Amino acid sequence: MRVALGSDHAGFKLKELIKEDLRAREVELTDFGTFCESSIDYPDISFPVVQAVRDGAFAFGILVCGTGIGMAIAANKYPGIRAALCSETYSARCAREHNDANVLTLGARVIGPGPALDIVRVFLKTPFAAGRHEERLEKIALLEKRLLPDYHRRCPAAKPGEAEA
Ligand code: RB5
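Everything numeric in this text was worked out from a predicted model, so none of it was measured. (Residues numbered from 1 in each chain as written. Predicted model: local features only at pLDDT ≥ 70, side-chain atom pairs only at ≥ 80, totals over all residues. Heavy atoms only, no water.)

Undergrad: Just to check I follow, could you spell out the overall build of the protein chain for this structure?
TA: Scanning the protein chain from N- to C-terminus turns up 7 helices and 5 strands. The linear arrangement of helices and strands in the protein chain, starting from the amino end, is β-α-β-α-β-α-β-α-β-α-α-α. Against the 2.2 N^0.38 benchmark of 15 Å for 165 residues, the protein chain shows a C-alpha radius of gyration of 15 Å, consistent with a compact globule. Within the protein chain, the proportion of its 165 residues that are buried is 49%. Once local pairs closer than 6 in sequence are excluded, the contacts in the protein chain between residues at least 24 apart make up 69%. For the protein chain, the accessible area works out to roughly 8,200 Å², and carbon and sulfur atoms hold 55% of it. Taken as two groups, the 22 positive and 22 negative side-chain charges of the protein chain have centres that lie 4 Å from each other. (Helix = DSSP H or I, 4+ residues; strand = E, 2+ residues; numbered from the N terminus. Rg over C-alpha atoms; globule rule 2.2 N^0.38 Å. Buried < 20%, exposed > 50% of the residue type's maximum accessible area, 1.4 Å probe, protein only. Contact = heavy atoms within 4.5 Å. Areas by Shrake-Rupley, 256 points an atom, 1.4 Å probe, with all protein chains shown as cover. Lys, Arg positive; Asp, Glu negative; His and termini not counted. Charge placed at Lys NZ, Arg CZ, Asp CG, Glu CD.)

Undergrad: Could you clarify how one ought to interpret unusual backbone geometry in this entry?
TA: Glycine aside, residues mostly have negative phi, and peptide bonds are mostly found in the trans state. The linkage connecting G33 with the following residue, T34, adopts the cis geometry, with an omega of 5 degrees. Relative to the helices and strands, T34 resides in the loop between β2 (28–31) and α2 (42–54). Here the phi dihedral of E26 falls at roughly 60 degrees; this positive angle occurs in a residue that is not glycine. Relative to the helices and strands, E26 resides in the loop between α1 (12–24) and β2. Residue class for E26 comes out exposed when judged on its relative accessible area of 72%.

And the structure:
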């Protein structure tokens, strides 16, 4: 499993902690920045991370900003990206089981480092439950195809679940 990691300045410290934790558990990852606490706009990090997930280079993306909201909004602009903002482990588990989320966003100013690491662990280890949830995701994918047919023709890997293959 490969993970793409990114944050803005507000999420930098938490992103570094997550990186350390993932490395200790031998999770293969790429850090897309930011690499210091100087101000940087969250879309500048979110877009390259979700593009890489969208392209299939990574199974999951993890994005951290102050609230997790900006990262989630930016990430979810991409067809095939299902980004979930989670502040506790129940949501993290459901985001994977029900929504087949391929991007986790976290708010470094909202939750502490301990809960954040637990959320990451639960998110990465929980499989998609498929079944009835598949049809629901298919409806979202169909809307994306209708709104952005050209984009889907160029990148046919936008079906739910495909990023995890
Ligand atoms: C940065 O101050 C802050 O706005 C950003 O990290 C994030 O919370 C936006 O959603």
